[in-house]
Structures are given as structure tokens and as C-alpha cells.
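So you can see what is in the structure, the chains are spelled out below.
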Amino acid sequence: MWKWLHPYAKPERAFALCTTLLPWFGVSALLILATGTIWGLAFAPADYQQGDSFRIIYLHVPSAILSMGTYSAMAIAAFIGLVWQIRTAHMAVAAIAPVGAVLTFIALFTGAAWGKPMWGTWWVWDARLTSELILLFLYLGVIALYQSFEDKEQGSKASGVMALVGVVNLPIIHYSVEWWNTLHQGATITKFAKPSIDSSMLWPLLLCILGLALLTGAMCLYRLQNELLRRESHRPWVRAMLLEEEQNAV
Amino acid sequence: MTGRLAGVLRRELALAYRQKSELMQPIIFFVLVISLFPLGIGPGPQTLQKIGPGVIWVAALLSSLLGMERLFREDFNDGWLEQMMLSGLPLSLLVLAKVLAHWLTSVLPLLLISPLLALFLNLSEPMFWSLLLGLLLGTPLLSLVGATGVALTLGLQRGGVLLSLLLLPLFVPLLIFATSAVDAASMQLPYNGQLAIIGAMFLLALALTPMATAYALRISQS
Amino acid sequence: MTGRLAGVLRRELALAYRQKSELMQPIIFFVLVISLFPLGIGPGPQTLQKIGPGVIWVAALLSSLLGMERLFREDFNDGWLEQMMLSGLPLSLLVLAKVLAHWLTSVLPLLLISPLLALFLNLSEPMFWSLLLGLLLGTPLLSLVGATGVALTLGLQRGGVLLSLLLLPLFVPLLIFATSAVDAASMQLPYNGQLAIIGAMFLLALALTPMATAYALRISQS
Amino acid sequence: MILPHFSLGCQRVGLSCLIAHNLTCIKRDRVLFDSLSFSVDKAEILHLQGPNGAGKTSLLRILTGLAEPAGGDVTWGGESVVKHPMAFQHQLQYFGHKLGVNLCLNPLENLQYWCQIQGIETNENLYALLDALGLVGLEELACRQLSAGQQRRVALARLWLKPAALWVLDEPFTALDRKGIMLLKQKITSHLQSGGSVVMTSHQQLDMDYPVKDLHLEYRL
Amino acid sequence: MILPHFSLGCQRVGLSCLIAHNLTCIKRDRVLFDSLSFSVDKAEILHLQGPNGAGKTSLLRILTGLAEPAGGDVTWGGESVVKHPMAFQHQLQYFGHKLGVNLCLNPLENLQYWCQIQGIETNENLYALLDALGLVGLEELACRQLSAGQQRRVALARLWLKPAALWVLDEPFTALDRKGIMLLKQKITSHLQSGGSVVMTSHQQLDMDYPVKDLHLEYRL
Ligand code: HEM
Ligand SMILES: Nc1ncnc2c1ncn2[C@@H]1O[C@H](COP(=O)(O)OP(=O)(O)OP(=O)(O)O)[C@@H](O)[C@H]1O
Ligand SMILES: Nc1ncnc2c1ncn2[C@@H]1O[C@H](COP(=O)(O)OP(=O)(O)OP(=O)(O)O)[C@@H](O)[C@H]1O
Ligand SMILES: [Mg+2]
Ligand SMILES: [Mg+2]
């Protein structure tokens, strides 16, 4: 497998890979997301307790789950970058972090908006909520560290280390509902045994999760491309490519 | 090799002794923060007891931030760090020695005055013991993780706020478990579980952060 | 002359904010410090309101201390201090400009976002106002006195310990009056008295500390 | 110590004449020098020499008023530099062991802020100056990222910016390459020719086409 | 850049031979040097020259393994200095722009702790060494209170303490008086004569009675 992956560590190959993958990710993300949201918002039955306000679940849960998933992806990229000294992986860290921060922010925001009708308050300092907030700060820390360095090479290595160290927070977020008695819902769909959610609500939710995952992937790929171009701007392959584009335009 | 590492330790201790004034700062902050709350909340022993452990922990977290910057900054500026990196010793071991020195000189004093503070905050005896044990296991973790953060921001000079942005989120899990241990103790429940988790985090940090710190230090040199 | 002093100020501001992203940092910092307390103490909104002013004070104290070291240390090490002392401007005015810059960069951002924090911590409106006024008068005092301390530690090896010990009794009354003002406000009582005392301390410091700091800086040079 | 046989007073105690009178410097029970008297007149250069630790830097700092002598005093235009520092400092340019260059700021900012607190107008000429000093293209790089010699060039640029009558330079040639040294020597010569005075130290021989007064300090135990 | 025409390999890739192979250094899109190859054999001295900012310090840091080159590699005795740092570092003595002397500690302590982490036995000879370096009576003064040259002497004392085969010296003569420079030159010569190698930079001419290899770096924009 490593033999097969290794060529993609080269920036120009990585760029080419991004270019091929991007449309697939983008199109399928849009399709699946559209299906999921329309199904969820328009056709799924209203909750017997919560009425229609539960429909925010189709935004909240995917973004919350993906905020963590994205962090894991970022940490994995950081790990690869540190251990195998792959520059592209370092760049991936810098590319992924802002996407993850936005997802986390959406999760927080939708959660707060949902909390108002459900718990009667926007915010409580309970473990799940706080740890999700901390996740946002971890993302912000990674971004701030990266931006503080003038030397981006140095900056992306440093932020990679930071991303790895922050991984401890992930299990805390996930298990917070079990370790402390909180207001927040316990595991509903991420239980392996039998999801405690009706399948008519579950399917659109799963679609939304998948769709948002693909969309996240697409955004990360897009940002990675930009990062590659910016960081490699003095390398011949970028120059050649830009030249080619110019000629095409003419 | 241990002899050589002991050299690092001795040097740090000698330096700390020279720069007493700078060491005082975290301690004063610690005392100030802790005395602030009884003043702010009023002397109700019930509330004080409730918030006491949390306050001590938060104060310990924050005051450890104060001295943290100094961990590598001076060595970086005067070139001692370069000499350490070329000493033929594994850098992560050197980092460990420095962290140990930092803990001994700027955290241990906090622990030493904590009985006094516990008294101040009306902590019951089991609460105090659980607090102290938590601090004993948890503060080295702070120093270890803090060292990584400092090393990461070393190339920047504008440590201060950025450093606390990086570190505070990392300290949160520790805070959660440590205070929940004291909570358990206050209800006469066993708190081995929480301590075990803190211990596990400490061991994990002990195994991993010296390497991360060493790596970050290398980055700062290029 | 004001133009030249403004130069000092501008330089400090430029140094503090090399990048736009740094403007966000105090906010994040404050939110982090504040979220530590509910985590450590437990989320009861009642307690939160009670400890709220204390929390905000702790955050302000911490952030003013975090930058304090750098107030003169960096300038001393890189020789900028010498250049300032030979600039043909009165040193105590230069000191004032530096302290002002320090206050503007590390304390003011916290004050600006404090309405948000008051919301977070469930403070009532009168409490918020008394807190804000207390901070407005009290934090410059911290910066002024802190500057003297830092200047003393530049030259004297031992001066610092002494000063830290002096600072403690100075800060404690400040905190007592400030929190008691908030207390009074929470009970709808007038709190001019406490504010007046803080204000008097501030004026005294304003009159005396710049000279003391300038003197300490001169000592550090010889 | 070889006491130089200058006439103690200048021709006339003019507006720009530095006189050191019976200076003594004691550091920790060690007398570095005592009853040292000399004067530096308009268009004169004094080259302070002596082994490491002889007290050259200490003497220069006393001359600028940064440090106080254990005995004796320093006057500029007849007035004590300690008691009337403002007028003196307007005429003074001090370049010490420490550069006074902030490593986080770029060369341009460093010079701009320095000019601002000195009350000097700066316009577009800063770019031209930095270019002349061989810092083309580095104007907006943080000084931390400059080489040792480049950092010193940034600090030396101040000599071009402030029209001061007295220059006090402590080993100004350190870390400069040959071209840099030449440039600086030319600047010093032209400063002298236009009536300025210079007091400087350097461990190297000061081959200048200008008469140089020497003052040797000995290392006393 | 004037590429020196050394034979790329040493006579035999001996235990003490430093080889730089195709080194490239890029700082912020600026190529300081590329495909630079040279070798320094036993008893050889390489004098790196070039204007301020040419990349001398950057090159030296790459040679010691402190910084990583953008391309190429450095080997010592046939092994990469980055991949096998321990053996190399035991043979290395680096003296850079930063002294590695703590200003709060005194000379004696500074050297003692340095020796301890290098694993060198120190006995009473430290006093004698400091005396030889002209620091008599200053052994127990905080380094902050030493003069510029004296501080550098403290750092240079390390050359006398560690028996290393390769010396990498970045402008070691800075701030030294003439006696100090002579002392250091003698030490370098005797190090070379006993089979050591030296890579050094200096803006001054290196008048030594020992054959010196020169390497010129140019300043590239
Ligand atoms: C600001 C407030 C909130 C935050 C920060 C938040 C955060 C999160 C996070 C991080 C997850 C993912 C957990 C995981 O995958 O392990 C999650 C899942 C979930 N949240 Fe929230 N949440 C908030 C408010 C709410 C509210 C008000 C409700 C509804 C009562 C809610 C219902 C859910 C549900 C049903 C899940 C899926 C649980 C699972 O299957 O694991 N959340 N939330
Ligand atoms: N605070 C102090 N306490 C004790 N001794 C001091 C102090 N400051 C300086 N000295 C001593 O004074 C002497 C003179 O120092 P100074 O820096 O003036 O020397 P210098 O002639 O400039 O030497 P160099 O050529 O190395 O720059 C030194 O021997 C130093 O040890
Ligand atoms: N982090 C960095 N970012 C951008 N440029 C850098 C960085 N570090 C160094 N440089 C540039 O690299 C060049 C080489 O620096 P270096 O310190 O190696 O020069 P040097 O030959 O040692 O000069 P000197 O004789 O002044 O000591 C300088 O022009 C400097 O501006
Ligand atoms: Mg000197
Ligand atoms: Mg150099």
C-alpha cells in the first residue's frame, strides 16, 4: 500500500490527485446532501415530543460528528507529515484546520439554537458542550500557530505537532455524555447495537452525514490545492502549470 | 548519561535560585487568585468548600502559565539551546530534565503551600488529600504539555497570549478529572478511577511529549 | 514632544499586533479562562454569578501579568532601552507611554469584551457597571506598579523578590475594594466609596511610579 | 596607563566640545581608571584602545551619561551631561554593544520608530538609505531573519539619519564585511570633515586618511 | 559563486572527514547557495568568506546538523550527520553567533555545566584555563558583568575543554583584543597540527602560518 501511496507525497502528484478527486467529491456531496436534507426536512415525520424543532438534527448531528472526524483526519495528516517527513501532509494540516473550525462552529451554533427550545437556555457549561467549545479552540490554536509563523514551512510543522497533541480531547468529547451526567443527549446513532432512533428519521440523517462528509472532503481538497500552489509557487511545476493556463486563456 | 542529565538539572536549579524574583511571580498569582474568591463570594463556608478545589486547580493551571515561557526562551536567546542540541545526548531526555527542573522550582512550591490554602477554603480532609494527589499527578502533566507549547512558540517571540491559547484547551481534560476526583472525595466516594485516568494521561504525556517538544525545538532552530 | 511619545506608543502597538489575527487573541484567551471556572466549579448559574466578578478580575490580572515581563526585558536586552534613555525625552514620560501601551494591548481588549462576558456569567446590569468601573480604575494601577517591579528586576538580582512581596499587599486591597464594589452593586447599594479609594490609589501610583520606574531603569544601566 | 597629553580645555569651550574631567570608574572594588581627563573637539576623532575588560565600554557609557562615574564629570559645551541631559542628547549618537534593533520588527519599522522618538522627520529616503547599506529587498523582513552583519547595518543606518555633533561608537566594525567597513569609514570621515566629533573603540587598526587621536586604557587587576 | 576545486572525496573516507555533498539552502524563496560540494579532511582548515548575508552562518548550521538543507547532505566519516548525530556530535565543537553563556551564571559555572552535559571530567584545571584566558579574578562574577570580549572568552574556553576533531567556528575573533586573537590563532594551529579540522568564517584576513583553504560565497539577490 505504501508503495502505491508514496508517489502522491510529491506535491505535483498530490495536486493532480486533488484535481481528479475534486469533481467526484463535489458532485456526489451535492446530490446526497440535497436528497438527505429534502427528505429530512420535508418528508420525515415530526418528532412526537419535539415537534418540528427536532429537524435541526439534520444539521447539528452531521456537523458535530464531522467536527471530530475532521480533527482526526487533520491529526492523521500531521502524524504522517511528522513521521515520514512529507511536506504535502503538513500542508494538508493547514488546509484542513479552518474547515474543521467552521464545522465545529456550526455544531455549536445549531446546538445552541436547538438548546433554546429544548433546555430553555442557549448555553450551559456541561461537559459535552464545553468540550466541543474546547475543540473549537484547539482548531483556532492550530490556525493561529500556523499564521503566526512567517516561515510557512516552520509554521506547518509546528501546527502539526499542536494538532497531534490536541487529539486527547476527542475521546473526552465523545464520552463526555457517559462520564458525566449532562443535559446533552447520549449516544443515539453511534451505538453499534441498535440505534435508538426511528429508521424514518435515521436514514435521512445518515444521508446528511455522508453528504456533509463528502462536502468537507471537497473543501479540504480545494484548500489543499490552494495551499500547494501558494507554498510551491517558486517551483518549476507550478510555473509551468500557470504558463499553460495562461496560454489556454489566450 | 544520568550524570550528564543531572548536570542539566543542577544548572536549572542554580539558575532558579539566582532568579528567585521571577519564581515568586506564579506563587503570588496563585495566592492572589485563591484569596480573591473568598473575598468575592463572602465567607459562607459551604460555598467556599464547594468551589474550593475548582479554584485551586484553576489557579494552579493559570499560574503555571506564567512561568512557562521562561522554560526555553532564555536558552534559545543566549544559544545554550544550540549547545544542548549538539551535546550528543538525546534531546528528548534533555527536555525531560528541564521539565523536571521546572516542576521542582515553580510548581512544587505551589503544592507546598496548598495545605494552607485548603485551610483557607475550608476543605475537608478527604477532599484535601484527593486534591493533593490530583495535583501531584496532574501538575507534572501540565509541565510536560506546557513545555511542548513553549517549544512550539519559541520561534515567535510573542509567546504570551498565543501560548495560553494553545495550552489551556489541552489542560481542560485534566481539570475535569481532577475536580471530579475531589467531588467524589467530598461525598466519601472512592476516587481511584479519576486518579487512574490522570495517571494514565501523565504516563502518556511522559512517553510522548518529550519527543514532541524535542521536535518542536528542532523546528525552532531552522 | 507628544508626537515623539506617540512614536513610542505606535511602536508598542505594532509589536503587539504584528498580525491581524492577534487582535482575536484576547477574546479567545478570556473565553478560555472563563470556561475553566464552570468546568472546575460546576455549572450552577447562581454560583457563576457570584464568582463572576472574581473570574473577570483573575483574567485581567493574568493577562496583565503575562505581558508584564516583556515590558522592559526585551528592550533592555536588545538595547532599545539605551536608545530611549538617550533620546532627549524625560524618561518618566517614556515609561508612562510604555505603560499605557501595555495597558492598551493587554488589558483593554478584555475590558472591551467584558459585556459579552457579563452575559456569559449571568451578571446583572448594576454589577456589570460597577465591575467595569473598578477594572477601568484598577487595571492601570496594576500596570503602573507592575512596571516598577519589572524595572527593578532588570538590574537588581534580589530586588524582584522584595518587590513581589511588596506587590502582594498592594494588590490585595485593590481586589478587596473592587469586589466589594460589585457586591454593593449587586445589592443595589452605592459603591462610590470603594471606587473613590481605588481611584485615589490609581492617582497616587500615576504620580509616583513613573519616577520610581525611571529611576529603577537608570540603575539597571549602570 | 598612558595619559595622553592633550591640552585639557578645548581652544574655546565651544558649543561642541566634549570634556572629560578627572574621571574615575570603579566596578566592584576594582578601579578601571582614575583621574582620566581628555577632550574631544570639533572635527576630532578619539580612538580608545585597550585589551578586553580595560573599561572602554564603561568609559563610553560614562561619556554618554548612561552610567555615572565614581568621580569626575563630563561636560558638553561647558555643561554637565548628567545635569543637562536634554541639549546634550540632541547632539549625541550612541552606538553600543547592544544594537537597539528589535528582532520582531523589520528594518524599516525599526528605523522609523527610532526617528520618531528622536523627533526626526523621515520621508521616502529610508528606502534609499537601506539600499545604500546593502539591504535591498530586506526592508520588510523581520530583523530576526537577517544575518548578523545585516542587523548591525540596520543599527548603523541611524548614523545617516540623525545629524548629531558627537558620535560615540563602541566597536562599530564588528560583524561587518569589508565593504561595510569601508562604507562606515567613509561616513565617519565625512562626519569629521563637516565638523563632527567621534569617540570610538575598535580592536582593529583604524587605517583612516584622517588624523586620529589615540587613547590607551590598560587592564588593571 | 566560485566553486572550489577540491577532490570531492577525502583520500580515504576516514573517521574524521567532513563532506558536504550538493548542499542547497533556500530561505524564503531566495536561494543562498545550491549544489555546493566540498570536503574538509584531517588537519585541514576551511575559511568561509563572503559578504554579509551571503549564507555563511546558514552553511555552518547545516554542517553541524542544527539546520536542514533544502537539498544535499553532510556526512562525517561516511555517515550522515542528521541520521547519526550522536557519534558526530561527540567529535564536534560549535561556536556560533550566540555564545551559549548564561549571563546570570558565572564563568566557572557556565563551563562546569557545559562540561557536565558534554560528559567531560573537570577538575581544578578550569581555574587555570580561565586564568590563561585572561579572566583572572573574574571566575565568580556573573557573566552579565563581564565585558563583551570577556564573555566571548568564556565561551571560547570550551575549545580548550572538549577534545573534538571538528571545530565549526562562526566569526570567533569578534570582540577579542589582539592578544586574544593571537591566543585563539595559536590554539587553532595546534588543533590543526594535532590532526583536527576547522571550518570557520571571519571577515578579517586569517594570517596564519598554516595553509588555509578558502571558500567564497557570493551574495545572491
Ligand atoms: C451548544 C450546544 C450543543 C453542542 C456543543 C452539541 C455538541 C454535540 C456533539 C459534539 C455531538 C457529537 C457527539 C459524538 O459524535 O460523539 C452531538 C451529537 C448530538 N447532539 Fe448535540 N450539542 C448541542 C446541543 C444539542 C441539543 C440541544 C440537542 C437536542 C436535544 C442535541 C442532540 C444531539 C444528538 C441527538 C446527537 C447525536 C448523538 C449521538 O448519536 O452520538 N445536541 N452534539
Ligand atoms: N557590574 C559590574 N560589576 C563588576 N565588574 C564589572 C561590572 N561591569 C563591568 N565590570 C568589569 O569592568 C571591566 C570593564 O568592562 P568594559 O565592558 O568596560 O570593558 P571593555 O574595555 O569594553 O572590554 P571589551 O573590549 O571586551 O569590550 C570588566 O573587566 C568587567 O569585568
Ligand atoms: N528565516 C529566514 N527567512 C528569510 N531569510 C532568511 C532567514 N534566515 C536567514 N535569511 C537570509 O539568509 C541570508 C543569509 O544569512 P546568514 O546568517 O547565513 O549570513 P552570513 O553569511 O552569516 O552573514 P554575516 O556575515 O552577516 O554573518 C541573509 O540574507 C538573511 O536575510
Ligand atoms: Mg566593550
Ligand atoms: Mg553570520
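Residues numbered from 1 in each chain as written. Chains lettered and ligands numbered in written order. Predicted model: local features only at pLDDT ≥ 70, side-chain atom pairs only at ≥ 80, totals over all residues. Heavy atoms only, no water.

Caption draft 1: Spotlight on the site of ligand 2. Around ligand 2, the surrounding shell holds 22 residues, and the nearest of these are Lys56, Thr57 and Ser58 of chain D together with Ser147 and Gly149 of chain E. Mapping the residues adjacent to ligand 2 onto the chains of the assembly identifies chains D and E. In this structure, an oxygen atom belonging to ligand 2 sits 3.3 Å away from a side-chain N or O atom of His97 of chain D. Gln145 of chain E places a main-chain nitrogen or oxygen 3.1 Å from a nitrogen atom of ligand 2. Here ligand 2 has 640 Å² of accessible area as a free molecule, and 91% of this is covered by the chains. In terms of residue class, the shell around ligand 2 is made up of six nonpolar, 11 polar and five charged. (Near = heavy atom within 4 Å. Polar contact = N/O pair within 3.5 Å; in protein donor to acceptor, adjacent residues only side chain to side chain. Areas by Shrake-Rupley, 256 points an atom, 1.4 Å probe, with all protein chains shown as cover. Nonpolar A, V, L, I, M, F, W, Y, C, P; charged D, E, K, R; others polar.)

Caption draft 2: Spotlight on the coordination of the magnesium ion (ligand 5). Residues and elements named next belong to chain E. Within the protein, the atoms that donate to the magnesium ion (ligand 5) are Thr57 (OG1) and His97 (NE2), at distances of 1.9 to 2.4 Å. Residue Thr57 is located in helix 1 (residues 56-64), and its partner His97 is located in the loop between strand 6 (92-95) and helix 3 (107-118); the two are separated by 40 residues in the primary sequence. With a relative accessible area of 23%, Thr57 lands in the partly exposed category. Under the relative-accessibility criterion, His97 is labelled partly exposed at 31%. (Donors = N, O, S within 2.8 Å, 3.2 Å for Na, K, Ca; no water. Helix = DSSP H or I, 4+ residues; strand = E, 2+ residues; numbered from the N terminus. Buried < 20%, exposed > 50% of the residue type's maximum accessible area, 1.4 Å probe, protein only.)

Caption draft 3: Fine view of the interface of chain C and chain B. Across the boundary between the two partners, chain C contributes 44 residues, which contact 40 residues of chain B. Its largest share of buried area at the contact with chain B, chain C owes to Leu36, Leu66 and Arg70 of chain C, together 14% of the area lost on that side. Taken together, chain C and chain B are joined by zero salt bridges. Here chain C and chain B share zero residue pairs in polar contact (both at pLDDT 80 or more) between them. Within the residue set of the side of chain C that touches chain B, elements represented by two or more residues are helix 1 (2-16), helix 2 (25-41), helix 3 (45-68), helix 4 (70-78) and helix 9 (159-186) of chain C. In the side of chain C that touches chain B, the residues fall into 26 nonpolar, nine polar and nine charged. (Contact = heavy atoms within 4.5 Å. Buried area = accessible area lost by both parts, 1.4 Å probe. Salt bridge = Lys/Arg side-chain N within 4 Å of Asp/Glu carboxyl O.)

Caption draft 4: Region of the structure containing the side chain of Arg231 of chain A. Residue and element names in this part refer to chain A. Tracing the backbone through its elements, the reader meets Arg231 in helix 8 (residues 199-231). A polar atom in the side chain of Arg231 sits 3.2 Å from the side chain of Tyr146. A distance of 3.1 Å separates a polar atom in the side chain of Arg231 from a polar atom in the side chain of Ser156. Apart from the residues within four sequence positions on either side, Arg231 is in contact with Met91, Tyr146, Lys152, Glu153 and Ser156.

Caption draft 5: A look at the sheet that holds strand 5 (residues 79-80) of chain D. Residue and element names in this part refer to chain D. A sheet is described by the order of its strands in space; here four strands give the open sequence 2-1-4-5, paired in antiparallel fashion. Since the sheet does not close on itself, it has two edges, and those belong to strand 2 (30-40) and strand 5, each with one partner. Here strand 1 (residues 18-27) pairs with strand 4 (residues 71-76) via five bridges, running antiparallel. Paired with Ala20 across the two strands is Val74, which belongs to strand 4. Helix-sheet contacts for helix 1 (residues 56-64) involve strand 1, strand 2 and strand 4, and the interaxial angle to strand 1 is about 130°. (Pairing = 2+ DSSP bridges. Axes fitted to C-alpha atoms, helices over the stretch in contact; angles between N-to-C directions.)

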